[in-house]
Amino acid sequence: MQTLTVDLGERSYPIYTGSGLLERSELLLPYIKGRQVAIVTNETIAPLYLEKIKSLLTSKEVTEVILPDGENFKNLDILNRVFDGLLEARHNRTTTLIALGGGVVGDMTGFAAACYQRGVDFIQVPTTLLSQVDSSVGGKTGVNHALGKNMIGAFHQPNCVVADTLTLNTLPDRELSAGLAEVIKYGLIRDAAFYAWIETNLEGLLARDPALLAEAIHRSCECKAAVVAEDEKESGVRAILNLGHTFGHAIETAMGYGEWLHGEAVAAGMVMAADLSARCGWIDAAEVERLKQLLIRANLPVKAPEGMSADQFKSLMQVDKKVIDGRLRLVLMQKVGWAVVTDEVPSGLLQETLEYFTV
Ligand SMILES: NC(=O)c1ccc[n+]([C@@H]2O[C@H](COP(=O)([O-])OP(=O)(O)OC[C@H]3O[C@@H](n4cnc5c(N)ncnc54)[C@H](O)[C@@H]3O)[C@@H](O)[C@H]2O)c1
Ligand SMILES: [Zn+2]
């Protein structure tokens with residue numbers, strides 16, 4: 001097992017990564033202060049891992065909340081089921097919520113914990129690669145709105161994160177690839193050596209070599225934890241974690257939630273961001289090609305979905321949270337291993353990228 005700390009003063013917390021962690025009650029119990037616990041999960045994950053977690057919590061009064069599975073259920077309507085469960089079982093302010101699942105369950109549970117009785121504790125037990133390297137760390141929680149993804153939410157940090165790599169053995173291949181998109185993202189934004197390591201080890205990662213997956217998760221969390229510690233509420237550098245996401249969110253919204261996986265949309269979005277970075281003269285066209293080759297090997301898309309227009313991208317990107325006072329801020333690459341946030345991209349170059357990817 002490896003341990004990292006997200007360094008946020010009083011709100012600091014550990015990230016435990018490794019194999020077989022769902023056998024170890026000592027990783028959960030110290031982070032549960034009261035008697036009541038609510039495990040929030042979904043219909044797919046419950047039959048796989050719910051009993052396992054419950055068996056660690058025999059000393060607690062446990063409520064289960066099982067949500068329907070899917071990004072299209074990540075909304076306020078379905079979120080209410082968590083509050084129903086908590087109120088029906090009379091959970092008080094000392095309750096602890098446990099998010100058992102991928103990013104959808106994690107984001108919803110975290111948001112429920114931020115709101116319930118004005119804020120209660122929660123623990124992340126991520127079970128997808130994407131949630132283990134990204135969504136479970138950093139305290140961004142929330143749900144989608146019909147007019148924009150993740151538009152309703154709160155910052156609320158977990159008490160701890162327990163990422164058991166064994167859970168990845170039941171994950172569908174497509175989901176594994178989607179998670180790799182975020183792993184590749186960390187290499188691109190802050191760690192050129194890690195990027196090269198991924199290029200070398202991609203086939204092993206796809207084959208779920210446990211040691212390679214553990215290393216990829218640890219290094220990804222290291223990067224995320226460092227960026228979050230520097231800028232918890234995204235007033236600056238944290239935005240680099242959104243490389244490819246402004247384009248990607250436009251794709252997700254245009255396609256309807258759940259058609260393209262988040263990581264798939266991010267993959268295509270990172271190629272678009274790299275393309276724009278090249279048009280700005282920051283990176284070589286060869287680096288765009290290098291990224292494409294890596295994503296293709298990871299079975300990820302490298303272009304926008306058919307049928308999307310440049311205008312559609314532009315209007316959807318304006319809704320993105322990265323817009324401040326009407327100026328679109330984008331995350332671009334100055335080189336492999338170094339991304340920056342900029343609001344100074346000439347609109348003509350953005351137009352060129354959008355047209356190139358939408359013909
Ligand atoms: N909060 C953040 O900082 C942050 C960062 C990145 C992404 N996100 C959010 O995360 C969400 C995407 O997360 P995701 O990719 O984990 O998707 P997900 O939560 O929808 O999970 C993907 C699918 O895998 C299933 N699943 C989960 N674990 C499994 C397992 N171990 N075995 C078998 N099946 C399993 C789920 O039921 C689901 O069908 C998006 O809503 C995105 O907005 C949030
Ligand atoms: Zn993401």
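Residues numbered from 1 in each chain as written. Chains lettered and ligands numbered in written order. Predicted model: local features only at pLDDT ≥ 70, side-chain atom pairs only at ≥ 80, totals over all residues. Heavy atoms only, no water.

J.: Pulling in residues and values, what's your account of the coordination of the zinc ion (ligand 2)?
T.: Coordination of the zinc ion (ligand 2) by the protein comes from Glu182 (OE), His245 (NE2) and His262 (NE2), over a distance range of 2.0 to 2.1 Å. Site description for the zinc ion (ligand 2): donor spacing in sequence, E-x62-H-x16-H. A residue pair is termed long-range when its members are at least 10 positions apart, and His245 in helix H8 (residues 245–255) and His262 in helix H9 (residues 262–279) qualify at 17 residues. Accessibility classification places His245 together with His262 in one group, the buried group. (Donors = N, O, S within 2.8 Å, 3.2 Å for Na, K, Ca; no water. Helix = DSSP H or I, 4+ residues; strand = E, 2+ residues; numbered from the N terminus. Buried < 20%, exposed > 50% of the residue type's maximum accessible area, 1.4 Å probe, protein only.)

J.: Can you break down helix H11 (residues 310–319) residue by residue, with the values?
T.: Among the residues of H11, Ala310, Phe313 and Met317 are the ones counted as buried. For H11, the angular spread of buried residues about the axis comes to 55°, placing them on one side. (Arc of directions from axis to C-beta.)

J.: Mind laying out the domain arrangement of the protein, listing which residues take part and the relevant values?
T.: Its domain assignment divides the protein into domain 1 (2–170) and domain 2 (173–358). Inter-centroid distance (C-alpha atoms) of domain 1 to domain 2 is 25 Å. Tallying the contact residues gives 32 residues for domain 1 and 35 residues for domain 2. When residues of domain 1 are sorted by the area they lose upon contact with domain 2, Leu129, Val133 and Lys149 head the list and together hold 21% of the total. (Domains from an automatic or database assignment. Contact = heavy atoms within 4.5 Å. Buried area = accessible area lost by both parts, 1.4 Å probe.)

J.: Describe the nonpolar core, naming the residues involved and giving the relevant values.
T.: In this structure, Phe247 and Phe313 are the most contacted members of the largest nonpolar core, which totals 76 residues. The element best represented in this core is H9, accounting for ten residues. Split by domain, the residues of this core number at least three in each of domain 1 (2–170) and domain 2 (173–358). Setting aside its immediate chain neighbours within four residues, Phe247 contacts Gly269, Met272, Ala273, Leu276, Phe313, Met317, Leu330, Leu350 and Leu354. With 21 residues, the next largest nonpolar core counts Ile45, Leu56, Ile98 and Ile123 among its residues. (Core = buried A, V, L, I, M, F, W, Y, C linked by side-chain atoms within 4.5 Å.)

J.: Describe the environment of Ile217, with residues and values.
T.: Tracing the sequence through the fold places Ile217 in helix H7 (residues 210–230). Classification of Ile217 by relative accessible area gives buried; the value is 0%. Separated by 89 residues in sequence, Ile217 and Thr128 have C-alpha atoms that sit 11 Å apart. Not counting residues within four places of it along the chain, the set of residues in contact with Ile217 comprises Thr17, Leu129, Gln132, Val133, Thr165 and Leu168.

J.: Would you mind going over the site of ligand 1 in detail, with residue names and values included?
T.: Around ligand 1, 27 residues are found, and the nearest of them are Glu71, Thr127, Thr128, Lys149 and Thr170. Between ligand 1 and the protein, one listed contact pairs a nitrogen atom with a side-chain N or O atom of Asp107 at 2.9 Å. Backbone polar atom of Thr167 to a nitrogen atom of ligand 1: 2.9 Å apart, as the coordinates give it. Every element with two or more residues in the shell around ligand 1 is listed here: helix H1 (46–55), helix H3 (103–115), helix H4 (129–135) and strand E8 (148–155). In terms of residue class, the shell around ligand 1 is built from seven nonpolar, eleven polar and nine charged. Shared between two domains, the shell around ligand 1 takes at least three residues from each, and those domains are domain 1 (2–170) and domain 2 (173–358). (Near = heavy atom within 4 Å. Polar contact = N/O pair within 3.5 Å; in protein donor to acceptor, adjacent residues only side chain to side chain. Nonpolar A, V, L, I, M, F, W, Y, C, P; charged D, E, K, R; others polar.)

J.: Describe the pattern of salt bridges, and please don't skip the residues or the numbers.
T.: This structure, assessed with the given rule, holds 24 salt bridges. Lys185 is the partner of Glu182 in a salt bridge, and the nearest nitrogen-oxygen pair spans 2.8 Å. Here Glu182 and its partner Lys185 are both found in helix H5 (residues 173–190), three residues apart, which amounts to about one turn of the helix. Of the two residues, Glu182 and Lys185, neither departs from the other in class, the shared state being buried. (Salt bridge = Lys/Arg side-chain N within 4 Å of Asp/Glu carboxyl O.)

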